[in-house]
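Here are the chains, one letter per residue:
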Amino acid sequence: MDKNEVFRIYKLANLDLSNQDVELISNKYNKILDFIDHIFDVDCKDVKMTEMLDNHEAILREDIPGKSLDRKDALKNAKDTEYGYFRLDWKL
């Protein structure tokens, strides 16, 4: 991942990159991506499965409707809004 990709990701996440070492961040992302790539190369064909998800019963709470957040409060910290909704820049 190069510096331009780091800038793009931070812009999409509305994060500030000022006063940060973009090269260091790029290197950290690359280490993570290399590790993930390495995980896919691990041979697991003779490894016994340790958990059976089909035997798992999820315990869910009852869904109880509550008071919604006021639209004005929800949008007060938005970078850009339009027609009462969040506006996103898809041209990044």
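Everything here concerns the structure above.
Residues numbered from 1 in each chain as written. Predicted model: local features only at pLDDT ≥ 70, side-chain atom pairs only at ≥ 80, totals over all residues. Heavy atoms only, no water.

Enquirer: I'd like a rundown of unusual backbone geometry, residues and numbers included.
Expert: We note that Asn14 has phi near 55°; this positive angle belongs to a residue other than glycine. Position of Asn14 among the secondary structure elements: in the loop between helix 1 (3–12) and helix 2 (22–41). Overall, Asn14 belongs to the exposed group, its relative accessible area being 52%. Although it is not a glycine, Tyr83 adopts a positive phi angle of roughly 55°. Relative to the assigned elements, Tyr83 resides in the loop between strand 1 (81–82) and strand 2 (85–86). A relative accessible area of 72% means that Tyr83 is categorised as exposed. (Helix = DSSP H or I, 4+ residues; strand = E, 2+ residues; numbered from the N terminus. Buried < 20%, exposed > 50% of the residue type's maximum accessible area, 1.4 Å probe, protein only.)

Enquirer: So what's going on with the nonpolar core? Which residues, and what values?
Expert: Ranked by size, the top nonpolar core spans 5 residues in total: Val6, Tyr10, Leu17, Val22 and Ile25. Those elements that provide at least two residues to this core are helix 1 and helix 2. The contact partners of Tyr10, leaving out residues within four places of it in the chain, are Leu15, Asp16, Leu17, Gln20, Ile25 and Tyr29. (Core = buried A, V, L, I, M, F, W, Y, C linked by side-chain atoms within 4.5 Å. Contact = heavy atoms within 4.5 Å.)

Enquirer: Which residues make up the pattern of salt bridges, and what values go with them?
Expert: Counting across every chain of the model gives 4 salt bridges. Connected via shared salt-bridge partners are Asp80, Glu82 and Arg87. (Salt bridge = Lys/Arg side-chain N within 4 Å of Asp/Glu carboxyl O.)

Enquirer: Now, about the packing of helix 1 against helix 2: what can you tell me, with residues and values included?
Expert: The interhelical angle for the contact between helix 1 and helix 2, taken along N-to-C directions, is 90°, at an axis separation of 9 Å. In terms of orientation, helix 1 and helix 2 fall into the roughly perpendicular class. Touching Lys3, Val6, Phe7, Ile9 and Tyr10 of helix 1 are Val22, Glu23, Ile25, Ser26 and Tyr29, all from helix 2. Looking at the contact of helix 1 with helix 2 residue by residue, the classes come out as 7 nonpolar, 1 polar and 2 charged. (Axes fitted to C-alpha atoms, helices over the stretch in contact; angles between N-to-C directions. Parallel < 35°, antiparallel > 145°, perpendicular 65-115°, else oblique. Nonpolar A, V, L, I, M, F, W, Y, C, P; charged D, E, K, R; others polar.)

Enquirer: Now, about the packing of aromatic side chains: what can you tell me, with residues and values included?
Expert: What the rule picks out here adds up to 0 aromatic pairs. Of note, Arg71 hangs over the ring of Tyr85, and the distance from its end group to the ring centre comes to 5.0 Å. (Phe/Tyr/Trp six-rings, centres within 6.5 Å; stacked < 30°, edge-to-face > 60°. Lys NZ or Arg CZ within 6 Å of the ring centre and 35° of its normal.)

Enquirer: How would you sum up helix 2? Please name residues and give values.
Expert: If you check helix 2, its first and last C-alpha atoms are 29 Å apart, about what 20 residues at 1.5 Å a residue would give, namely 28 Å. Turning to helix 2, its buried residues are Val22, Ile25 and Ser26. Within helix 2, the buried residues cover an arc of 100° as seen down the axis, which keeps them to one side. Opposite the packed face of helix 2, turned more than 90 degrees from it, sit the exposed residues Lys28, Lys31, Asp34, Phe35 and Asp41. Those residues of helix 2 that are buried are in contact with helix 1. (Expected span 1.5 Å × (residues − 1). Arc of directions from axis to C-beta.)

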